[in-house]
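Working through the structure, step by step
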Amino acid sequence: MLTRLSKKPLLLGLGSAILIAVTCMIVGISFAEEKPDKLAEGDKQFEEKSYRKAYEAYEDYLKDHPDSADWFRIKLRMGHCQAQLGNHEKAETELTELADKDGLSDLERGRADYRLGHYFMERPHYYYENSKGVKSWGKWIADSSYHNTQKDDTERAKDRLAASFKLMEPEGRKALKTLGENPDSVAMVEEAYNAGLDAAAALHTWQYQAQQERKSIDYFDANGQKQTYYYYQYKFEDRDEVIKELDALVKLSEDLKQSCQSLLVQGREFPKDVMDAISAGPKKAQNMAALAMYRKAQFLVALT
């Protein structure tokens, strides 16, 4: 009788434990289902240019998923968000830390350098700083001193964009070999091309930060008196490198056009997304080559 009585509380206790465990499991599943998708929310806000909300959503997502496969893409966007919000110290810090982080692939580093180089080119090139150390980029504030950053920004932009093109061009060349397999290959070539185009533009801009060289022309005025006309000219010390980069872009564009046309005349069957990409490739490549040649002509005119 004693044995029968002692089993009842034991069974009741065991049943209660199972009930609690199942209840916790159900609550946990419900909580997981109700928990908002912060990554999707961040992407939505980013596309809508609600950069503060996007940054906050991305930040929350990475707290819960520090090893996410989307980590690099998210960090790149977070740096862009800070720039768009006018938080220029934070934008520079976050983008620089990302670009210089160990363990990035060549493609990731090239993309990070590209975004950072663009940031240096696009941000205001001056700020005001008051006695409390508060900085205001592009806008005057009371009790402040003026600081011009144009030369430093231009130098850092041309260095980062040059580093980006150095890494992106081989990626674009590799993509030429997979045009018939990967629908994203044309876009990869175009991305490498854009890196080179902006690297050349930044290097061109840098030439105007160098010292000008004074030159003179002797002439005779209406009275037959010898006169000297003085003028200043930029040296364009990197002229050969600018031309070299633009010529490389023309070659890349021509190779893209030829590769797409070669695939199209073979009459092979390709997946629809691949066919759409390589069908649009020749015209796109022709426009790319034309733009690179136009930029080269602009630069040659500037030399004179």
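Description of the structure in this document. (Residues numbered from 1 in each chain as written. Predicted model: local features only at pLDDT ≥ 70, side-chain atom pairs only at ≥ 80, totals over all residues. Heavy atoms only, no water.)

A word on the nonpolar core
Ranked by internal contacts, the top residues of the largest apolar core, which has 37 residues, are Leu-179, Tyr-193, Leu-249 and Leu-256. Among the elements of the structure, α7 (150-176), α8 (185-206), α9 (239-265) and α10 (272-303) are those that each provide at least two residues to this core. With 12 residues, α8 is the single largest residue contributor to this core. Among all residues touching Leu-249, those that are not within four sequence positions of it are Phe-165, Tyr-193, Gly-196, Leu-197 and Ala-292. Core analysis: the next-biggest nonpolar cluster, separate from the first, contains 13 residues, Phe-72, Leu-98, Leu-104 and Ala-157 among them. (Core = buried A, V, L, I, M, F, W, Y, C linked by side-chain atoms within 4.5 Å. Buried < 20%, exposed > 50% of the residue type's maximum accessible area, 1.4 Å probe, protein only. Helix = DSSP H or I, 4+ residues; strand = E, 2+ residues; numbered from the N terminus. Contact = heavy atoms within 4.5 Å.)

Some remarks on unusual backbone geometry
Positive phi is not limited to glycine here, since Lys-49 has a value of about 65°. Mapping Lys-49 onto the fold places it in the loop between α2 (38-47) and α3 (51-64). Positive phi, normally seen in glycine, also occurs at Asp-143, with a value near 55°. By the secondary structure assignment, Asp-143 is in the loop between β2 (135-137) and β3 (144-148).

A closer look at the environment of Lys-177
Locating Lys-177 in the fold gives a position in the loop between α7 and α8. Sequence separation between Lys-177 and Ser-259 is 82 residues, and the spatial gap between their C-alpha atoms is 8.4 Å.

Structural notes on the packing of aromatic side chains
Taken as a whole, this structure holds 10 aromatic pairs when the rule is applied. Between Tyr-208 and Tyr-234, the aromatic rings sit 5.0 Å apart at their centres with planes inclined by 90°, giving edge-to-face as the arrangement. In this pair, Tyr-208 is assigned in the loop between α8 and β4 (212-220) and Tyr-234 in strand β5 (residues 226-234), connecting sequence segments 26 residues apart. With a relative accessible area of 34%, Tyr-208 lands in the partly exposed category. Residue Tyr-234 is classed as partly exposed on the basis of its relative accessible area, which comes to 27%. When the centroid spacing of 6.5 Å and the interplanar angle of 75° are considered together, the rings of Tyr-234 and Phe-236 count as edge-to-face. Among the aromatic residues, those joined into a cluster by ring pairs are Tyr-208, Tyr-234, Phe-236 and Phe-299. (Phe/Tyr/Trp six-rings, centres within 6.5 Å; stacked < 30°, edge-to-face > 60°.)

Let's talk about the side chain of Glu-245
Mapping Glu-245 onto the fold places it in helix α9. Although Glu-245 lies buried, it forms no salt bridge, and the closest oppositely charged side chain, Lys-244, sits 8.2 Å away as judged by the N-O distance. Not counting chain neighbours up to four residues away, the residues in contact with Glu-245 comprise Gly-196, Ala-199 and Ala-200. (Lys, Arg positive; Asp, Glu negative; His and termini not counted. Salt bridge = Lys/Arg side-chain N within 4 Å of Asp/Glu carboxyl O.)

Re the pairing of β5
Note that β4 and β5 share 9 bridges and pair antiparallel. If you follow Lys-215 over to β5, its bridge partner there is Tyr-231. Taking the residues between adjacent antiparallel strands as the criterion, β4 and β5 are bridged by 5 residues, where Gly-224 takes a positive phi near 80°. (Pairing = 2+ DSSP bridges.)

Quick notes on a nonpolar patch on the surface
A cluster of nonpolar residues, Ile-217, Tyr-219 and Tyr-229, forms a patch on the protein surface that exposes about 310 Å² of accessible area. By relative accessible area, which is 47% here, Tyr-229 ends up partly exposed. (Patch = residues over 30% accessible without salt bridge, like charges linked within 9 Å, V, L, I, M, F, W, Y side chains within 5 Å. Areas by Shrake-Rupley, 256 points an atom, 1.4 Å probe, with all protein chains shown as cover.)

What to know about the sheet that holds strand β1 (residues 126-130)
Here we have 3 strands laid out as an open sheet, ordered β2-β1-β3, and antiparallel in their pairing. With one partner strand each, in any of the chains shown, β2 and β3 form the two edges of the open sheet. Averaged over all adjacent pairs, the angle separating strand axes in this sheet is 25°, with direction ignored. As defined by bridge partners, β1 adjoins β2 across 3 bridges and the pair is classed as antiparallel. Within β2, the residue paired with Tyr-128 across the bridge is Ser-136. (Axes fitted to C-alpha atoms, helices over the stretch in contact; angles between N-to-C directions.)

By themselves, these are just geometric observations and shouldn't be taken as functional.
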